[in-house]
Amino acid sequence: MSSGPGKVVSLIRGKCPRCRKGNVFSHPFYSILNFSEVHDHCPHCGVKLEPEPGFFWGAMYFSYALNVGVSIIAGFSLFFFFNDPDLWVYIMVIILLTLILMPLMTRFSRLLLMYLVAPYRKFDPIAGEPVSESH
Ligand SMILES: [Zn+2]
């Protein structure tokens, strides 16, 4: 149906939702201070990656949902595989997981927002070609 890498693969690799070639983020996820920094424009196809100011605030909802999901999985894992430890173990594990996964979650939720909500979400294989688009 469509050429190029699949939507899910592109999302996980942090690629532009339009051309699926350019990187969305300007820094790697382990860059503590800049991990969530998004390019103004896709370095490959030039699409504006933040369609309107404050767009990425919406990513907090995804981030929250992801964190709840991780907490539930962690809770069940502790219960079943670690023989239901004390409450403080649950709390510590969930806090640590949330902190450790924060950069990945933040990036992932921004990508989800871009792929699912943003107006440029439609994959355009031709956008990867060096034909410039003016708007
Ligand atoms: Zn692009």
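Residues numbered from 1 in each chain as written. Predicted model: local features only at pLDDT ≥ 70, side-chain atom pairs only at ≥ 80, totals over all residues.

Draft legend 1. Summary view of the overall build of the protein chain. Check the secondary structure of the protein chain and you find three helices and zero strands. In the protein chain, of all internal contacts separated by at least 6 residues, the share reaching a separation of at least 24 is 60%. (Helix = DSSP H or I, 4+ residues; strand = E, 2+ residues; numbered from the N terminus. Contact = placed C-beta atoms within 7 Å.)

Draft legend 2. Focus on the packing of helix α2 (residues 59-81) against helix α3 (residues 87-116). The N-to-C vectors of α2 and α3 enclose an angle of 145°; their axes lie 8 Å apart at closest approach. The element α2 and its partner α3 pack so that their crossing is right-handed. Split by residue class, the contact of α2 with α3 holds 16 nonpolar, seven polar and one charged. (Axes fitted to C-alpha atoms, helices over the stretch in contact; angles between N-to-C directions. Left-handed = near helix turned anticlockwise from the far one by under 90°. Nonpolar A, V, L, I, M, F, W, Y, C, P; charged D, E, K, R; others polar.)

Draft legend 3. Geometry of the nonpolar core. Within the largest apolar cluster, 13 residues are counted, with the highest numbers of intra-cluster contacts made by Cys16, Val24, Cys42, Cys45, Val47 and Leu49. Ranked by residue count, the leading element in this core is α3, at three residues. (Core = buried A, V, L, I, M, F, W, Y, C linked by C-beta atoms within 7 Å. Buried ≥ 20, exposed ≤ 12 C-beta atoms within 10 Å, placed from the backbone.)

Draft legend 4. A look at the environment of Trp57. Relative to the helices and strands, Trp57 is located in the loop between α1 (7-12) and α2. For Trp57, a count of 9 C-beta atoms within 10 Å gives the class exposed. Distance in space between the C-alpha atoms of Trp57 and Leu113 is 9.7 Å, their sequence separation being 56 residues.

Draft legend 5. Broad picture of unusual backbone geometry. Of note in this structure, Asn83 is not a glycine but carries a positive phi near 60°. Take Asn83: it is sitting in the loop between α2 and α3. Here the phi dihedral of Asp84 falls at roughly 45°; this positive angle occurs in a residue that is not glycine. A residue is classified by how many C-beta atoms lie within 10 Å of it, and Asp84, with 11 of them, is exposed.

Draft legend 6. Expanded view of α2. Compared with the 33 Å implied by 1.5 Å per residue over 23 residues, the 32 Å span of α2 between its first and last C-alpha is a close match. Following α2 by one or two positions, Asn83 has its phi on the positive side, about 60°. (Expected span 1.5 Å × (residues − 1).)

Draft legend 7. Broad picture of α3. In a regular helix each residue adds 1.5 Å, so 30 residues correspond to 44 Å; α3 covers only 37 Å between its end C-alpha atoms and thus falls short of that length. Where α3 bends most, the angle comes to about 60°, and this point is Met102, followed within four residues by the proline Pro103. For α3, every residue scored as buried is listed here: Met105, Thr106, Arg107, Ser109, Arg110, Leu111, Leu113 and Met114. Where α3 is buried, its residues contact α1 and α2. (Bend = angle between axes of the 7 residues up to and from the residue.)

Draft legend 8. Looking closely at the confidence of the model for the protein chain. In the predicted model, the protein chain carries a mean pLDDT of 87, and the fraction of residues at 70 or more is 90%. Across residues 131-135, where pLDDT falls below 50, the model places three contacts with residues more than four positions away in sequence or in other chains. (pLDDT = per-residue confidence, 0-100.)

Draft legend 9. The arrangement of the environment of Leu101 in detail. Inspection of the secondary structure puts Leu101 in helix α3. Residues Leu101 and Asn67, spaced 34 residues apart in sequence, show a C-alpha to C-alpha distance of 8.7 Å.

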